[in-house]
Amino acid sequence: MRFREALGRISPYVPGKSIEEVKKKYGLDKVVKLASNENPYGANPKAIKAFKSFESLHIYPDPDPEDLRQKIGEYVGYEAERIVVGAGIDGVMENIFKLFVEPGDRIVIPIPSFPYYHILTRVCGAFDVRVRRKRNFTIDVRSLLDAITEKTKIVLVCSPNNPTGNVENEEVVKEIVESCNVLVFVDEAYGEFSSKNLLRFAEYENVVVARTFSKAFGLANLRIGYAVVPEEIRKEYLKVSTPFPLSTPAKFAAMAALEDRKFLKFVVEKTREERERVGKKLREIGVKVYPSEANFILIETPIKSSELAEELLKRGIIVRDCSKFIGCNEYHVRVSIGRKEENDLFIEAMEDIVCS
Ligand code: PMP
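Keep in mind that what you see is a predicted model, and the values were worked out from it rather than measured. (Residues numbered from 1 in each chain as written. Predicted model: local features only at pLDDT ≥ 70, side-chain atom pairs only at ≥ 80, totals over all residues. Heavy atoms only, no water.)

Student: Could you clarify how one ought to interpret the site of the ligand in this entry?
Tutor: In the neighbourhood of the ligand, 13 residues make up the surrounding shell, with I89, D187, Y190, T212 and S214 lying closest. The separation between a nitrogen atom of the ligand and a polar side-chain atom of D187 is 2.5 Å. Within the side chain of T212, one N or O atom sits 2.6 Å away from an oxygen atom of the ligand. Burial of the ligand by the surrounding chains reaches 93%, relative to a free accessible area of 400 Å². Broken down by element, the residue count for the shell around the ligand peaks at 3 residues, all from helix α4 (residues 88-100). (Near = heavy atom within 4 Å. Polar contact = N/O pair within 3.5 Å; in protein donor to acceptor, adjacent residues only side chain to side chain. Areas by Shrake-Rupley, 256 points an atom, 1.4 Å probe, with all protein chains shown as cover. Helix = DSSP H or I, 4+ residues; strand = E, 2+ residues; numbered from the N terminus.)

Student: How should the packing of helix α2 (residues 45-52) against helix α9 (residues 248-259) be read in this particular structure?
Tutor: Two quantities define a packed helix pair, namely the angle between the helix axes and the distance between the axes. Interhelical geometry of α2 versus α9 gives an angle of 150° and a closest axis separation of 7 Å. Considering the angle they form, α2 stands roughly antiparallel to α9. For α2 against α9, the interelement crossing comes out right-handed. Two secondary-structure elements touch here, α2 through K46, A47, A50 and F51 and α9 through P249, A250, F252, A253, A256 and A257. In terms of residue class, the contact of α2 with α9 is built from 9 nonpolar, no polar and 1 charged. (Axes fitted to C-alpha atoms, helices over the stretch in contact; angles between N-to-C directions. Parallel < 35°, antiparallel > 145°, perpendicular 65-115°, else oblique. Left-handed = near helix turned anticlockwise from the far one by under 90°. Contact = heavy atoms within 4.5 Å. Nonpolar A, V, L, I, M, F, W, Y, C, P; charged D, E, K, R; others polar.)

Student: Is there a simple way to think about the sheet that holds strand β6 (residues 183-187) in this case?
Tutor: Backbone hydrogen bonds hold the strands of a sheet together, and the pairing may be parallel or antiparallel. Taken together, the 7 strands give an open sheet; going across it, the order is β2-β8-β7-β6-β5-β3-β4, and neighbouring strands pair in mixed fashion. Of all strands in the sheet, those bounded by a partner on one side alone are β2 (83-86) and β4 (127-132). Pairwise comparison of adjacent strand axes, ignoring direction, gives a mean angle of 25° for this sheet. The strands touched by helix α5 (residues 116-123) within the sheet are β3 (106-111), β4, β5 (152-158) and β6, with β4 carrying the most contacts at an inclination of about 150°. (Pairing = 2+ DSSP bridges.)

Dropping the structure here:
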């Protein structure tokens, strides 16, 4: 068989280890997963109810659900005509890439960032041009603008950034957006957890702001993402999207979740509270913690991240060793913020490993 040449430069996306896998391997009864930035409070109960209420599973769903786009539009402050949906931000991003990226093009990625950006770029036969972030992990705007050429199609701006947790400086985003006419894809997967968002940049003709129901809304398994896009992009988007990207039960769940702001508020407040508490405790035991506005923190550990991750696994805690993330070092570990009791187990384990 003659597979595409580009595949030789791609490794599959590595998801966080599953609880079942770790229980089995280490013979543990209780395992806590703090590796995939999932919502530790679960899905909104009203969303679960709405999801279960739909039984016509033999019927294809609406390819471009107006009712959901309307509700999302109200939530983000843009017209429904400016909203596109997809199978998670991953699916939305794939469609946007299909619209713009041709083999040989360049995609500019400030590193470190979300690993799937590199994979998708290469799948499209394009080059992932890496621009190292500054020490505080904000984008180095000079280097980024220098990296843009005629072949550049998309610049990726993740805020809060995965895996570093920092939000991007608005002045920096303004400068990028205004000084190049390439598409700026703003990924706000963790936007709800942050004190600042970049939604206002969706007013620009060359900006897409993507968001998801996977994180603060707790619906990761349903694969619902969306983006605010210029109208011109929306028209083209429907040409490249798979015919039925969103199931009706998923749509119902998303709509119910959007209606129940109380649950969202609870999740966000609890996460922020716990994020500060976990950060403080770790700093007390001498672990370097980077400031975060997301539902995870990046830490720099005194022992190699692969060893730390392994020691934590033995104690039933799954975290993300970031040493293989492009742009990270071998001491970087990303830890999702869980429920209080989960975080306590993590802190205890860290004390045990770091202080012994
Ligand atoms: N962007 C970032 C920065 C992420 O961390 C993730 C999830 N890991 C995604 C996008 C993908 O999210 P979704 O579940 O909406 O596809």
